[in-house]
Amino acid sequence: MSEQATHVLLVEDNPGDADLVRLRLVDGKAKADVNCVNRLSDALASLREKSPSIILLDLNLPDSQGADTFRKVLEHAPDVPVVILSGQDDEELAMKALHQGVQDYLVKGAISSSGLDRAMRYAVERQALLRSLEMSRKQQLEFKNQFLSHVSHELRTPLTCIHQYASLLFDGLAGAISPEQHDYLETILKSVNQLGAMVRDLLEASRAESGKVRIEPHCVSMGDLIRLAVSMTRSVADEKQVGLEIGVDTRIPFVYGDPDRILEVLINLIDNGIKFTRAGGAVTVQACLVPTDPAFVYISVIDTGCGIDPGAKALIFERMYQDPNSIDNSRKGLGLGLFIAKELVTLHRGKIWVASEPGQGSTFSFTLPLYSLAQLLSPVLVKDGALRDAVTLVRVSLNPRSKSTRGNWKEAGRHCLELLQRCVYLDKDVVLPPMTTPGPEQTFFVVASTDLTRAEIMMTRIRDQLGKLPEVNMIGDLEISASEVALPDRAAGLNLEQQVQGVADRVTEMARAALSEKPNVTESK
Ligand code: ADP
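Numbering of residues begins from 1 in every chain and follows the order in which that chain's sequence is written. The model is predicted, so local features are restricted to residues of pLDDT at least 70 and side-chain atom pairs to those at 80 or more, both for listing and for counting; the totals for chains, interfaces and linings are taken over all residues. Hydrogens and water are ignored here; the side-chain numbers use all heavy atoms of the structure.

**Q** I keep staring at the overall build of the protein and nothing clicks. Help me out?
**A** Along the backbone of the protein there are 15 helices and 18 strands. Only C-alpha atoms enter the radius of gyration, while the globule expectation follows 2.2 Å times N to the 0.38, with N the number of residues. Taken over C-alpha atoms, the radius of gyration comes to 31 Å for the protein, far larger than the 24 Å a tight globule of 525 residues would show. Over its C-alpha atoms, taken along the principal directions, the protein stretches across nearly 90 × 75 × 50 Å. Exposed residues in this analysis have more than 50% of their type's maximum accessible area, buried residues have under 20%, and partly exposed residues fall in between, with area computed by a 1.4 Å probe over protein chains only. Within the span of the protein, comprising 525 residues, buried residues form 42% of the whole. Helix and strand assignments come from DSSP, with helices taken as H or I runs of at least 4 residues and strands as E runs of at least 2, each series counted from the N terminus.

**Q** What am I meant to see in the sheet that holds strand β9 (residues 282-289) here?
**A** Backbone hydrogen bonds hold the strands of a sheet together, and the pairing may be parallel or antiparallel. With mixed pairing, five strands are arranged side by side in an open sheet as β7-β9-β10-β12-β11. Looking at which strands have only one partner, the edges of the open sheet turn out to be β7 (243-248) and β11 (352-356). Here the average twist between neighbouring strands, direction ignored, is 15°. For β9 and strand β10 (residues 296-303), the ladder comprises seven bridges, and the chain directions are antiparallel. Along β10, the bridge assignment pairs Thr 284 with Ile 302. Here, strands pair whenever DSSP counts at least two bridges between them. Convention adopted: a line fitted to C-alpha atoms gives each axis, helices being fitted over their contacting stretch, and angles between N-to-C directions are expressed from 0 to 180 degrees.

**Q** Looking at this structure, I do not really get the side chain of Asp 429. What am I missing?
**A** Its place among the elements puts Asp 429 in strand β16 (residues 429-431). Pairs of residues are marked as contacts when any of their non-hydrogen atoms sit within 4.5 Å. Discounting chain neighbours no more than four positions away, the residues touching Asp 429 are Val 380, Val 424, Val 446, Val 447, Ala 448, Ser 449 and Met 458.

**Q** Is there a simple way to explain a nonpolar patch on the surface in this structure?
**A** Where nonpolar side chains cluster on the molecular surface, the patch consists of Leu 129, Leu 130 and Leu 133 and spans about 310 Å² of accessible area. With respect to the helices and strands, Leu 130 occurs in helix α5 (residues 113-170). In this scheme, patches are assembled from residues that exceed 30% relative accessible area and form no salt bridge. Like charges are connected within 9 Å, while nonpolar side chains (Val, Leu, Ile, Met, Phe, Trp, Tyr) are connected within 5 Å. We get accessible surface area from the Shrake-Rupley algorithm with a probe of 1.4 Å; when it comes to residues, only the shown protein chains can shield them. Salt bridges are counted wherever a side-chain nitrogen of Lys or Arg sits within 4 Å of a carboxyl oxygen of Asp or Glu.

**Q** For this particular structure, what's the right way to read the pattern of salt bridges?
**A** Oppositely charged side chains are able to pair whenever their charged atoms sit close together. If you walk through the whole model with that rule in mind, you get 11 salt bridges. Put simply, Lys 108 and Asp 58 hold a salt bridge, and the shortest N to O gap is 3.3 Å. Of the two residues, Lys 108 sits in the loop between β5 (104-107) and α5 while Asp 58 sits in strand β3 (residues 54-58), which places them 50 residues apart along the sequence. Overall, Lys 108 belongs to the buried group, its relative accessible area being 19%. By relative accessible area, which is 6% here, Asp 58 ends up buried. In this structure, Glu 134 engages Arg 137 in a salt bridge whose closest nitrogen and oxygen atoms are separated by 3.3 Å. Of this pair, Glu 134 and Arg 137 both sit in helix α5, three residues apart, which is roughly one turn of that helix. Salt bridges sharing partners connect three or more residues here, namely Glu 12, Asp 17, Asp 58 and Lys 108.

**Q** In this structure, what is going on with the environment of Arg 414? I would like to understand it.
**A** Turning to its location among the elements, Arg 414 is positioned in helix α12 (residues 406-423). For Arg 414, a relative accessible area of 31% puts it in the partly exposed group. As for Arg 414 and Gln 442, which are separated by 28 residues in sequence, their C-alpha atoms are 9.9 Å apart.

**Q** Quick question: what am I supposed to make of the nonpolar core here?
**A** Nonpolar side chains in soluble globular proteins tend to end up buried together. In terms of nonpolar packing, the biggest core is built from 46 residues, with Met 222, Leu 266, Ile 270, Ile 299 and Phe 366 touching the most fellow members. Secondary-structure elements contributing two or more residues to this core are α6 (179-209), α7 (222-240), α8 (259-275), β9, β10, α10 (337-347), β11 and β12 (362-369). With seven residues, the single largest contributor to this core is α8. Not counting residues within four places of it along the chain, the set of residues in contact with Ile 270 comprises Ala 229, Val 230, Thr 233, Leu 244, Val 283, Val 285 and Val 301. The set of buried Ala, Val, Leu, Ile, Met, Phe, Trp, Tyr and Cys residues whose side-chain atoms join them within 4.5 Å is what this entry labels a nonpolar core.

**Q** Mind showing me how you'd approach the packing of helix α1 (residues 15-27) against α5 here?
**A** A pair of packed helices is captured by two measures, namely the crossing angle of their axes and the spacing between those axes. Axis separation between α1 and α5 bottoms out at 8 Å; the angle between their running directions is 85°. Between α1 and α5, the crossing angle belongs to the class labelled roughly perpendicular. Contact residues: Val 21, Arg 24, Leu 25 and Asp 27 in α1; Ser 113, Leu 116 and Met 120 in α5. For the contact of α1 with α5, the per-class residue count stands at four nonpolar, one polar and two charged. Roughly parallel covers angles under 35 degrees, roughly antiparallel covers those over 145, roughly perpendicular covers 65 to 115, and oblique covers all other angles. Each residue is assigned to one class: nonpolar for Ala, Val, Leu, Ile, Met, Phe, Trp, Tyr, Cys and Pro, charged for Asp, Glu, Lys and Arg, and polar for all the others, Gly among them.

**Q** Looking at this structure, I do not really get the sheet that holds β3. What am I missing?
**A** A sheet is described by the order of its strands in space; here five strands give the open sequence β2-β1-β3-β4-β5, paired in parallel fashion. Each edge of the sheet is formed by a strand with only one pairing partner; in this case those strands are β2 (32-37) and β5. Sheet twist, expressed as the mean angle between neighbouring strand axes with direction ignored, is 20°. Inspection of the sheet shows strand β1 (residues 6-11) paired to β2 by six bridges, in the parallel sense. The residue of β2 that forms the bridge with Val 8 is Val 34.

**Q** How should I be thinking about the state of the cysteines in this particular structure?
**A** Defined by distance alone, a disulfide is two cysteine sulfur atoms within 2.5 Å. This structure, assessed with the given rule, holds zero disulfides. Not engaged in a disulfide, the cysteine Cys 219 finds its nearest cysteine sulfur in Cys 416; these two sulfurs lie 19 Å apart.

**Q** Can you help me understand α1 in this one?
**A** At 3.6 residues per turn, the α-helix brings residues three or four places apart onto the same side. Over its 13 residues, α1 extends 18 Å from the first C-alpha to the last, a length consistent with the 18 Å expected when each residue adds 1.5 Å. Those residues of α1 hidden inside the fold are in contact with β1, β2, β3, β4 (82-86) and α5. Two N or O atoms count as a polar contact when they lie within 3.5 Å, although within protein this holds only if one can serve as hydrogen donor and the other as acceptor, and sequence-adjacent residues are included solely when both atoms are side-chain atoms. Two or three places before Gly 16, at the opening of α1, Asn 14 has a side-chain oxygen 2.9 Å from that residue's backbone nitrogen. Multiplying 1.5 Å by the residue count of a helix minus one yields the expected span of that helix.

**Q** What should I look at first to understand the environment of Val 380 in this one?
**A** Its place among the elements puts Val 380 in helix α11 (residues 373-381). When its relative accessible area of 4% is taken as the criterion, Val 380 is described as buried. In this structure the C-alpha to C-alpha distance between Val 380 and Ile 270, which are 110 residues apart in sequence, comes to 40 Å. Ignoring anything within four residues of it in the chain, the contact list for Val 380 reads Arg 388, Leu 426, Asp 427, Lys 428, Asp 429, Val 430 and Ser 449.

**Q** Looking at this structure, I do not really get unusual backbone geometry. What am I missing?
**A** Across the chain, the bulk of peptide bonds are trans and the bulk of non-glycine residues have phi less than zero. Within the chain, Gln 241 stands out as a residue other than glycine whose phi angle is a positive 60°. Here the phi dihedral of Arg 349 falls at roughly 70°; this positive angle occurs in a residue that is not glycine. On the accessibility criterion, Arg 349 (56% relative accessible area) is exposed.

Note that all results are geometric; they support no functional claim without further evidence.
In structure tokens form, the structure reads like this:
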């Protein structure tokens, strides 16, 4: 049987050294075909074309020196084993390279055929072993996530059942209960709620680890969300006698995010603040704009609690981390809350961090992107470096016919939005993120880069598609209208960015005006 040749990429700029290595390869037992290049750029170009069995790499090349050389090679060919050809004085650097993923090093001038042969064979074997270890690590992780996700799902059903029946007894719906029984049931319900929260966290964390968490960004009022989160956590704070305050700058514009997910982050941080603060302390939630980072809102949850050890600060956002020195030993949780919060904030392109001193309280802060209509519209409003000739705002309103639609109403809105996305041309039209409105009507807007006549075609498509939705037919009325958006005067000498901003401002005005028109039904029960 003919032995397969080892494809060697030899990166060496010194012709004498290169010849010597070739000679040793020829003398060696293994059959090798050698491609020799003398610059890093040539090596990277060759790697892009074909993956060799092994790379023999000199670190000091005309276009790259030292650690940079192996870092770039490893970056371009993470799966190919690399053996470094180092000079006598480069051993320290060669060791560093080993720590960063290089398989071996040989000192030039002391390379024998058998030594080179052996180093190459071992390097290839070790790399293959590493790859299979990495694969089995990934499989195990995937298995663990699937297992956790499955178990958490299965636990939820009996938990819901226990919760329902315990609530039934607690509310006296199955007959009168004594004060003692009332207390017992209260304890049961509290524990079931805690268990439910842990199961939710487990499910969420395993979904986050496998990259399955999605966000549905909306145009969101941060002030409203903070007030909602505070009202939802007020009773826990009161029970523990911890003050809970809000300090929101009222000029904060809307943020671009998923309201349910942001609420989750806020509640988690406020809950933690209350949990780690003694009676008499306080938790304050703030939101503000920072002049040096104008595209983001900064939200902080500040507590006067036990604070965090400097060593623990770097770890608390890790999965399952709980500081062993935290004062509250009766605390409940799995150490997943901050891990999930970090994943959710990162999905929004924001950052999360903590400032804290032991005994001095903690400030958890995170950022969320401001909602910028101009940024959202720019890709469709601009064509060939100029503003399009016509822009139309299409309004799609869904009004409930009766007051008894609460359950299905949100779902109907979600379906409408999904269908709307399919009725538009993504390169020319944008379905705006829904605006949160106080009333039950749901209004969606599409900015179309066409004139009114052509927008009619889109409106017919929308009417056809949305009209087929059973929820819309049964519980709501669909209203579709369109108006052309006045474009900035070309003679005004505005640059493109200013023109786009002008259109965005006009669209905002029109949408606001449309939303402030009174709907027919003002309440949904
Ligand atoms: P847990 O469910 O255990 O609270 P988290 O991920 O929310 O999990 O928090 C991880 C750890 O970070 C906590 O166990 C605690 O040690 C520390 N921690 C979180 N928030 C605070 C806070 N406001 N003050 C002090 N320590 C905190």
